[in-house]
Amino acid sequence: NIDEVVANASVFIALLHEAEVPVFLTAGQFATPPPPTPDSILLQLYVLWDTVHTRSGPAQPQIPSNFQFRDGRPLVPVSTHPDTIEEEPSEDTQVEVPAAPEAPPPPAPPPA
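Here's a quick rundown of the structure. (Residues numbered from 1 in each chain as written. Predicted model: local features only at pLDDT ≥ 70, side-chain atom pairs only at ≥ 80, totals over all residues. Heavy atoms only, no water.)

## A look at unusual backbone geometry
Consideration 1: Along the chain, Pro35 connects to Pro36 via a cis peptide bond; the corresponding omega equals -5 degrees.
Consideration 2: As for its placement among the helices and strands, Pro36 is situated in the loop between helix H2 (27-31) and helix H3 (39-53).
Consideration 3: In the segment running from Thr37 into Pro38, the intervening peptide bond is cis, with an omega of 10 degrees.
Consideration 4: Of note, Pro38 is situated in the loop between H2 and H3.
Consideration 5: A positive phi angle, close to 60 degrees, is found at Glu20, a residue other than glycine.
Consideration 6: Examined against the element boundaries, Glu20 turns out to sit in the loop between helix H1 (2-18) and H2.
Consideration 7: Exposure remark for Glu20: the relative accessible area of 45% places this residue in the partly exposed category. (Helix = DSSP H or I, 4+ residues; strand = E, 2+ residues; numbered from the N terminus. Buried < 20%, exposed > 50% of the residue type's maximum accessible area, 1.4 Å probe, protein only.)

In structure tokens form, the structure reads like this:
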């Protein structure tokens, strides 16, 4: 039943907010993910995994600010705070996320 999925997703989203995990989908979008599907739901799950895996303070997902799905659509945010949730974000909204840190340079080769 779609209503049960939406109700469960609402509880899940509340828990994500409590844990300071960025949320990109509404409860309805968890039930029927927006295009591109399944990439949109997989991105949300990746951010959850990355936040838990690297937790050392507030969530800082390493998603490039110019992130695009395979079909060229930009990442459209919902909110990272429960008081500012948009029910249906516009398609031209783009998310601002922290830039991924640059990789350190490779070590210098040992002298011969």
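## Some thoughts on the packing of aromatic side chains
Consideration 1: A complete count under the given rule lists 2 aromatic pairs for this structure.
Consideration 2: When the centroid spacing of 5.6 Å and the interplanar angle of 85 degrees are considered together, the rings of Phe12 and Phe30 count as edge-to-face. You can see Phe12 sitting in helix H1 and its partner Phe30 sitting in helix H2, a full 18 residues away along the chain.
Consideration 3: Owing to a relative accessible area of 15%, Phe30 belongs among the buried residues under this scheme.
Consideration 4: Plain terms: the ring middles of Tyr46 and Trp49 are 6.0 Å apart, the flat faces sit at 35 degrees to each other, and that makes the pair tilted. Here Trp49 and Tyr46 lie together in helix H3, a separation of 3 residues that amounts to about one turn.
Consideration 5: For Tyr46, a relative accessible area of 35% corresponds to the partly exposed category. (Phe/Tyr/Trp six-rings, centres within 6.5 Å; stacked < 30°, edge-to-face > 60°.)

## Notes on the nonpolar core
Consideration 1: Of all hydrophobic cores here, the largest spans 14 residues; its most connected members are Ile13, Phe30, Leu43, Val47 and Leu75.
Consideration 2: Going through the elements one at a time, H1, H2 and H3 are the ones with two or more residues in this core. (Core = buried A, V, L, I, M, F, W, Y, C linked by side-chain atoms within 4.5 Å.)

## What to know about the side chain of Ser40
Consideration 1: Relative to the elements of secondary structure, Ser40 occurs in helix H3.
Consideration 2: Here Ser40 falls in the buried class, since its relative accessible area comes to 7%.
Consideration 3: Those residues in contact with Ser40 that sit more than four places away from it in its chain are Leu25, Pro33, Pro34 and Phe69. (Contact = heavy atoms within 4.5 Å.)

## Topic: the side chain of Gln29
Consideration 1: Relative to the helices and strands, Gln29 is located in helix H2.
Consideration 2: A polar atom in the side chain of Gln29 sits 2.9 Å from the backbone nitrogen of Thr26. (Polar contact = N/O pair within 3.5 Å; in protein donor to acceptor, adjacent residues only side chain to side chain.)

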